[in-house]
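Working through the structure, step by step
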Amino acid sequence: MRVVSGIQPTGNLHLGNYLGAIRNWVKMQDDMATKGGECLFFLADLHAISLPHNPAELTANTREMAAALIACGIDTDKSILFNQTQVPAHSQLQWLLTGTARMGWLNRMTQWKDKAGKNREGASIALFTYPVLQAADVLLYQATHVPVGDDQKQHLELARDIAQKFNNDFGAGEDIFTLPEPIIPPEAARIMSLRDGAAKMSKSDPSDMSRINLTDDADTIMQKVRKAKSDAEPLPSEKAGLAGRPEAENLVSIYAAMEGSSVDKVLSQFGGQGFGAFKPVLGDLLVAKLAPIADRFNALRSDTAAIDASLRAGAEKASALAQPTLDRAYAALGLLR
C-alpha cells in the first residue's frame, strides 16, 4: 500500500489547515508504518505557479510549509517529504500524459471553472492543465491510495481515466500505471472564522483575529478565543441545540476536534454553561495542544539549511521510486532516450 498526497505551500498556516489536512497526514503516516505501507507527501510548488504569485514568497512558503509539517509530526524517517520541483519526473510525466488526457475531460473540471471565473481566456494554460499534473503526481509512484476531500474527488477520477486510457492504448496487455483508490479521511471538523461562523477560517481574511495561527503564542491564543464571536445563550446539552448558532457550533467543534472527542460528548460536559466559562477552557486546550507545535515550528523555520537538506533527501528517495515508472511510460510511447 502506497499513499501519495500533496499540499500547496502557503504561508500563515492556521488551525483549519492543521485539523483539516496536516493532522490526518500524521495519523496516516503512523498507520502505514505499522502496516508496512509507505507515505509520500509533497509540497506542490509547481501547482502554485498556475496562479499569479510572488516568487520570493513561494520560496519562503515552501520552506515554511516543510517546517510546519515536520513540527506537526511528519517524520522523515517514516515518510518521504519533498517538493515537486526537485523531482523533474513530475513535469516529464505530465507532458507524456497530455497526449492521453482530453480537452473535454479538463473542461468539465469544476475547479477550473471556479478558479478561472468569467475570464477563462485570460487564465494560464497551467491552471487549465494542472489536473494532468495532479494525475502525474500520483501515477508516477504507482500510488495505491490517495486521500481526497469532496473538492478533489473529480480530479482523482480524472487520474484514473487517464491511467486507464494510457494502459489500454500503450500497455500492450500490461498495466503501466496503477489505478489509485480514494481514501476518505476521517471526518474533520469544518473550522470556521472566529469572527463569522458562516465563513471558513482562512489566511486571506484581513482580520488576524479571525484565525488561530500555528505560530500564535499562548497569550495571543487566549485573547483570540476570548474575543471570538459567540452568543448570549448557554451551551445546549446535545448537538441539535446548536442549530442556528454557527459561532457556538464552531467553538464547540474546535474543542471536540482538539480533544479527539465528539460534539455530543463536549456538550454533555459543558451543557448549561455560558461562553464566559467555556472560552477559557477552550483557550487552555488550544494552548496545550499547539504550544509544542509552535515552539518546534519556530525553531525549524529559522534553520533554512536543515529544511533544504531534508527536502533534498526526500526528493532523492522520491526520484528513485519514480524513475522505473517514468522509464516504462517513455518506452510504451516509443520515445528513444
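Further up the page is the structure itself.
Below is a short write-up of the structure. Numbering of residues starts from 1 in each chain and follows the order in which that chain's sequence is written. For this predicted model, a pLDDT threshold of at least 70 governs which residues receive local features, and a threshold of 80 or more governs which side-chain atom pairs are given and counted, while totals over whole chains, interfaces and linings are taken from all residues. Computation of side-chain values covers all heavy atoms of the structure but excludes hydrogens and water.

1. Let's talk about the overall build of the protein
Short version of the rule: Labels follow the DSSP assignment, with helices taken as runs of H or I lasting at least four residues and strands as runs of E lasting at least two, numbered in each case from the N terminus. Two things to know: the radius of gyration comes from C-alpha atoms, and the globule rule equals 2.2 Å times the number of residues to the power 0.38. Each residue's exposure class comes from its accessible area (1.4 Å probe, protein chains only) as a fraction of the maximum for that residue type: buried when under 20%, exposed when over 50%, partly exposed otherwise. Neither His nor the chain termini are counted; the positive set is Lys and Arg, and the negative set is Asp and Glu. Here the site of a charge means NZ on Lys, CZ on Arg, CG on Asp, or CD on Glu.
In terms of regular secondary structure, the protein is built from 13 helices and five strands. Compactness check: the protein gives a C-alpha radius of gyration of 22 Å against a globular reference of 20 Å for 337 residues, within 12% of the reference. Each principal axis of the C-alpha atoms in the protein carries an extent, and together these give about 70 × 40 × 40 Å. Counting over 337 residues, the protein shows a buried share of 47%. When the 35 positive and 39 negative side-chain charges of the protein are each reduced to one mean point, those points stand 2 Å apart.

2. With respect to the pattern of salt bridges
Note the following rule: The rule for a salt bridge is simple: a side-chain nitrogen of Lys or Arg has to be within 4 Å of a carboxyl oxygen of Asp or Glu.
With the rule as written, the count across this model stands at 12 salt bridges. The partner of Arg211 in a salt bridge is Asp208, with the nearest N and O atoms 3.6 Å apart. Assessed through its relative accessible area of 37%, Asp208 is described here as partly exposed. A salt bridge links Asp231 to Arg245; its shortest N-O distance comes to 2.7 Å. Here the residue Asp231 occupies a position in the loop between helix 9 (218-227) and helix 10 (246-259), and Arg245 occupies one in the loop between helix 9 and helix 10, the gap between them amounting to 14 residues. Overlapping salt bridges, with partners in common, bring together Asp208, Arg211, Asp216 and Lys224 in one network.

3. A short note on the layout of surface pockets
Here is the rule we go by: Using only the protein atoms, space was sampled on a 1 Å grid; points where a 1.4 Å probe fits but cannot get out form cavities, open sets with protein on both sides within 12 Å along at least five of seven lines form pockets, and lining residues are those with an atom within 4 Å of a point. Grid points are joined across faces, edges and corners, and a volume is the space filled by probe spheres set on the points. Three residue categories are used. Nonpolar comprises Ala, Val, Leu, Ile, Met, Phe, Trp, Tyr, Cys and Pro, charged comprises Asp, Glu, Lys and Arg, and polar comprises the others, including Gly.
Of the volumes computed, that of the second largest pocket is approximately 300 Å³. Surrounding the second largest pocket, 14 residues form its lining, Pro9, Thr10, Pro52, His53 and Asn61 being those nearest its centre. The biggest single contributor to the lining of the second largest pocket is helix 3 (residues 55-72), with three residues. Classifying every residue of the lining of the second largest pocket gives five nonpolar, six polar and three charged.

4. Re the pairing of strand 3 (residues 79-83)
What counts is decided by this rule: In this description, strands pair whenever DSSP reports at least two bridges between them.
Here strand 3 lies mainly inside the structure; five of its five residues are buried. The alternating pattern of strand 3 places Ser79, Leu81 and Asn83 and Ile80 and Phe82 on opposite faces, both of which are buried. Bridging between strand 2 (residues 38-43) and strand 3 involves five bridges; their strand directions are parallel. From the neighbouring strand, Phe41 faces strand 3, where its bridge partner is Leu81.

5. Concerning the environment of Ser253
With respect to the element layout, Ser253 can be found in helix 10. The class for Ser253 is buried, based on a relative accessible area of 13%.

6. Describing the packing of aromatic side chains
The condition that has to hold: Two rings from Phe, Tyr or Trp (for Trp, the six-membered ring) form a pair when their centres sit within 6.5 Å of each other. Planes less than 30 degrees apart are called stacked, planes more than 60 degrees apart edge-to-face, and all others tilted.
Throughout the structure, instances matching the rule amount to 10 aromatic pairs. Taking the centre distance of 5.6 Å and the plane angle of 45° together, the rings of Tyr255 and Phe278 count as tilted. One end of the pair, Tyr255, is in helix 10; the other, Phe278, is in helix 12 (residues 275-301), and 23 residues separate them in sequence. Residue Phe278 is classed as buried on the basis of its relative accessible area, which comes to 0%. On the basis of an interplanar angle of 75° and a centroid distance of 5.1 Å, the ring pair of Phe270 and Phe278 is categorised as edge-to-face. By relative accessible area, Phe270 is classed as buried at 5%. Members of the aromatic cluster, joined through ring pairs, are Tyr255, Phe270, Phe275 and Phe278.

7. A word on the nonpolar core
This is how the line gets drawn: We call a set of buried Ala, Val, Leu, Ile, Met, Phe, Trp, Tyr and Cys residues a nonpolar core when their side-chain atoms join them within 4.5 Å. Here, two residues are considered to be in contact whenever any of their heavy atoms come within 4.5 Å of each other.
Counting residues in each nonpolar core, the largest one holds 58 residues, and the members touching the most others are Leu15, Tyr18, Leu69, Met258, Phe278, Leu286 and Leu290. Ranked by residue count, the leading element in this core is helix 12, at nine residues. Every residue in contact with Met258, bar those within four places of it in the chain, is listed here: Leu15, Tyr18, Leu19, Arg23, Leu285, Leu286, Lys289 and Leu290. In this structure, Val4, Leu97, Ala101 and Trp112 belong to the second largest nonpolar core, which totals 44 residues.

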